[in-house]
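Here are the chains, one letter per residue:
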Amino acid sequence: MSEIAMATAEETWVYSFGGGSADGEASMKNLLGGKGANLAEMAKLGLPVPPGFTISTAVCTAFYELDRKYPDTLAPQVETALAKLEANAGKTFGDPENPLLVSVRSGARASMPGMMDTVLNLGLNEETVKGLAAKAGERFAYDSYRRFIQMYGNVVLGLKHDTFEHILDDYKEREEYDLDTEMTAEDWKEIIVQYKQAVQDALGKPFPEDPKDQLWGAISAVFGSWMNDRAIVYRRLNDIPHEWGTAVTVQSMVFGNMGETSATGVAFTRDPSTGENIFYGEFLINAQGEDVVAGIRTPAPISKARAEALSSEEQSLEEAMPEVFKQLVGVAETLEKHYRDMQDLEFTVEESKLYMLQTRTGKRTAAAALKLAVDMVDEGLISEEEAVLRLEPAQLDQLLHPTIAEDAVRDVLVQALPASPGAAVGEVVFNSDEAAALAERGVDVILVRIETSPEDIHGMHAARAIVTARGGMTSHAAVVARGMGRPCVCGAGAMHVDETAGVFRVAGREVNKGDIITVDGASGEVLMGAVKMRQPDLSGDFARLMTWADRARTLKVRTNAETPADTRTAVEFGAEGIGLCRTEHMFFDAERIPVVRSMILAESETGRRAALDKLLPFQREDFAEIFRIMGERPCTIRLLDPPLHEFLPHTDEDMAAVAASSGVDIDILKRRAGELHESNPMLGHRGCRLGITYPEIYEMQARAIFEAAVQVAGETGKGVVPEVMIPLVATHKELQILKQVVDNTARAVFAETGTTLDYLVGTMIELPRAALQAGEIAQSAAFFSFGTNDLTQTTLGISRDDAGRFLKAYEDLGIYEKDPFVTLDQSGVGELVRLAAERGRATRSDIKLGICGEHGGDPASVAFCHESGLEYVSCSPYRVPIARLAAAHAALKSG
Ligand code: PEP
Ligand code: MG
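(A) Highlighting the coordination of the magnesium ion (ligand 2). All of the protein donors around the magnesium ion (ligand 2) are Glu766 (OE) and Asp790 (OD); their distances to the metal are 2.0 to 2.1 Å. Note that glutamate 766 is positioned in the loop between strand 31 (760-765) and helix 29 (768-772) and aspartate 790 in helix 31 (residues 788-796), a separation of 24 residues in sequence. By relative accessible area, glutamate 766 is classed as buried at 2%. On the basis of relative accessibility, which here comes to 11%, the residue aspartate 790 falls in the buried class.

In structure tokens form, the structure reads like this:
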């Protein structure tokens, strides 16, 4: 191969941007990371972006493949890009007169706020600091230098943050200073000496002076941070594959901390909490980028309107720098139109000149996502289909849950920033490990912290809501809480939080660990006690978006419900039928359980029939009520499924009580309970096996169904469509026998009432054998409903009740990608579903196929069901809208 051919074959690792042009663009997110791709795009749009270059995610992948080494061709490409950057910036790296300083940042395909490392002010050393001092003043230059040593020492060299904090604290104490602002240039010089000594002491070698060594150190640290623990946890929680890798962006520094004409801030093109079309954001005068998001100083609102809305006394950017504000609003408008979505912007003002440091699609609450999507359709910016895709199905959950009731009594402890909406009640905890431990035990907790950091991710995830004393609307706590859908109140400065003692004090009151509080993320209030909640509003924007979703989807959505209350809720949420009405719960009613027990304890069929005759009217009314609510929508009713021993008393005490009240001899009761005891109830005498051995039970249930259907059809004059479902079938013969029982009962009821109506008999496919036998079973089944709860247990050999002991470890080790009881395991259970669907259809082309396991409400599993050509999914009432939206996404994404 000639040299030229080799050169063209060489992979491009580095992409430059700046000076009105760029090698990359927004569509190259996978390669350049979100930040790098969007910086390139902004540069191309002619927006004021400091020049720089991005080292691609492919380098990250290669770095780990080569055991933390770089491809040979990387270094020369970085050299070239650096030269270009120097030319664009008009400064030179390491130049003592006019030094180029850079930031080095991570940037993955998906945003991972605060998870990976960043280094600012890189390029400073004993020589270049003088150049900076000449230009920007001594104090500023030496403050920047010590910040750099601190950040680099921590992020790249691995020294503890505290090491530097202690040096500074001791120094300030000795000099009797309260604030950093009291430190002079001479003080910072002294601090720098001490910082460098600390590095020398810890590492046995000096702090690097050569800017190029510094640069390579920082690049490696960023790539290395892809595999740090908190980034790994974040990716697991957010379904980000480890293979994606991060890019590294090296960019010319601009300084927001060069005095009163400099500033730094974060803005959103619309309100990310509510979706309202207002310019939203905050900023700090004379501060460096990280100060805003770190939450150490509480920033000021960006506009006059925001300042008024928040009753802030701080001067807004609009007032402090009107020209810059105007330019920023213009940039925001350009970017929102260009990307056709709400943008999250980072900017810096250096001596009255605006620079854009980042733009990305803004994270938003579910409420905001909904409003934004609907508004943007009305504004003609996006189509209805795009609007549907803008709302994540899982996010919808936030809109379906309660907020604080308007008429609730509010005992307000403190009013602070409404950082993430929704309301929650829980016990106060002050540290993340404890929050996680308590939540594991089912306790609702509210995490209260002075401020949060990426180390708190697991605690924030476990908590129902988060409260912080420090930080603004774009602090770590606020951004992460909004992403996770947790209510959050930030910047509650009036609150004195003592994390160690487990107490916070506010307005003369004391709240201890374990006390119950309520957090209202919409108003920013923290309230004492458990406050009354309000049900969600399903009209307006929600209803419009769901209409668009319904138009887009082909998969139907039914519900699993057996009580009238659940059934009504599900209909309100848009359920198009019942996919699973479990009948066993109806047997536990206080009035009925004694009759159920006498049925079980009867020694003969006659005795059982006598008891069943008493149960019949109850069951009939149960079904009639459900048919009335469901109208002409189809209702799948499953005949009795659990083993009979579940209905008998278990303890000696309960046995004695039942014996006394039923008049059955206690010894008989005990003997019968002993006979019915199952060593493995999940695999025992249950489902259709009960129907085969006690056909009179199924007969009674079928009679109740048909009598109720005839009755309600008569009342309403409309068709009622019962679908009778036989559980736990493994062979065709089982279904054949039980279908006969159901058909005979139907015939008898129709003859007695002089009416007929359409009905179906079908089965659940919830055993691997049933899936394999689906071709034969379909001869007698008008429908299959995949019972993926049992199918997961029996295919994977995992008991759902005991899975908690090891599933987390399995997920952590990557043995399972996700909890198989939540998301269909595609190379096991999913394969059986596909196979059974295929075999069932081969026998009966019009067989109805649906799913009624918990997976029916999981967006990824809904997509799988869509792709497998099922007719419907069925899920719990609260998940019906999620399934509707997920089905729409699946349809829109598949074409
Ligand atoms: C199933 O097994 O998936 C199912 C829906 O039935 P149950 O959860 O009642 O066993
Ligand atoms: Mg089951």
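(B) How the structure looks around the site of ligand 1. The local shell around ligand 1 consists of Leu580, Arg582, Arg638, Asp641, Met764, Glu766, Gly787, Thr788, Asn789, Asp790, Cys852 and Gly853. In this structure, arginine 582 approaches ligand 1 through a side-chain N or O atom, which is 2.7 Å from an oxygen atom. Side-chain polar atom of glutamate 766 to an oxygen atom of ligand 1: 2.9 Å apart, as the coordinates give it. Look at ligand 1: alone it shows 280 Å² of surface, and the protein chains cover 89% of it. Broken down by secondary-structure element, the contributors of at least two residues to the shell around ligand 1 are strand 28 (578-582) and helix 31. Of the residues in the shell around ligand 1, the class split is three nonpolar, four polar and five charged.

(C) Spatial organisation of the side chain of glutamine 619. Inspection of the secondary structure puts glutamine 619 in helix 23 (residues 605-630). Classification of glutamine 619 as buried rests on a relative accessible area of 1%. Filtering out sequence-adjacent residues up to four positions away, glutamine 619 remains in contact with Thr583, Met586, Phe587, Met700, Gln701 and Ala704.

(D) Representation of the sheet that holds strand 3 (residues 52-55) in the model. Taken together, the six strands give an open sheet; going across it, the order is 2-1-3-8-6-7, and neighbouring strands pair in antiparallel fashion. The open sheet has two edge strands with one neighbour each: strand 2 (21-22) and strand 7 (118-122). Bridge count between strand 6 (residues 102-108) and strand 8 (residues 246-252): seven bridges; the pairing is antiparallel. Bridged to glycine 107 within strand 8 is alanine 247. Sheet contacts for helix 4 (residues 74-89): strand 1 (14-18), strand 3, strand 6 and strand 8; angle to strand 1, the most-contacted strand, approximately 5°.

(E) Seen up close, the pattern of salt bridges. Across all of its chains, the model carries 57 salt bridges by this definition. The residue arginine 884 makes a salt bridge to aspartate 550 at a minimum N-O spacing of 2.8 Å. Taken together, the positions of arginine 884 in helix 35 (residues 880-893) and aspartate 550 in helix 20 (residues 540-552) put the pair 334 residues apart, joining distant regions of the chain. Relative accessible area serves as the criterion here: at 9%, arginine 884 is assigned to the buried category. Because the salt bridges share partners, they merge into one network encompassing Arg568, Glu621, Glu625, Arg628 and Glu715.

Calculation criteria
Once a new chain begins, its residue numbering starts again from 1 and follows that chain's sequence as written. Each chain takes a letter, starting from A, and each ligand takes a number, starting from 1, following the order in which they are written. Reporting in this predicted model follows two pLDDT cut-offs: at least 70 for local features of residues, and 80 or more for side-chain atom pairs to be given and counted; totals over whole chains, interfaces and linings ignore these cut-offs and use all residues. Side-chain numbers here rest on the full set of heavy atoms in the structure, without hydrogens or water. Coordinating donors are taken to be N, O and S atoms lying within 2.8 Å of the metal, or within 3.2 Å when the metal is Na, K or Ca; because water is excluded from the atom set, some sites may appear incomplete. Each helix is a run of H or I in the DSSP string that is no shorter than four residues. Each strand is a run of E no shorter than two, and both are numbered from the N terminus. Throughout, exposure labels follow a simple rule: accessible area from a 1.4 Å probe, protein chains only, divided by the maximum for the residue type, with under 20% read as buried, over 50% as exposed, and the rest as partly exposed. Proximity is defined per residue: any heavy atom of the residue falling within 4 Å of a molecule or strand makes that residue near it. Within 3.5 Å is the distance limit for a polar contact, defined as a pair of N or O atoms, with the added protein rule that one can donate a hydrogen and the other accept it, and that residues adjacent in sequence qualify only through two side-chain atoms. Per-residue and other accessible areas follow the Shrake-Rupley method at a 1.4 Å probe size, with only the shown protein chains counted as cover for residues. Three classes are used, and their members are as follows: Ala, Val, Leu, Ile, Met, Phe, Trp, Tyr, Cys and Pro are nonpolar, Asp, Glu, Lys and Arg are charged, and the others, Gly among them, are polar. Contact definition: two residues touch when any of their heavy atoms are within 4.5 Å. When DSSP finds two or more bridges between a pair of strands, those strands are recorded as paired. In this analysis an axis means a line fitted to C-alpha atoms, helices contributing only their contacting stretch, and an angle means the value between N-to-C directions, from 0 to 180 degrees. Any Lys or Arg side-chain nitrogen found within 4 Å of a carboxyl oxygen on Asp or Glu counts as a salt bridge.

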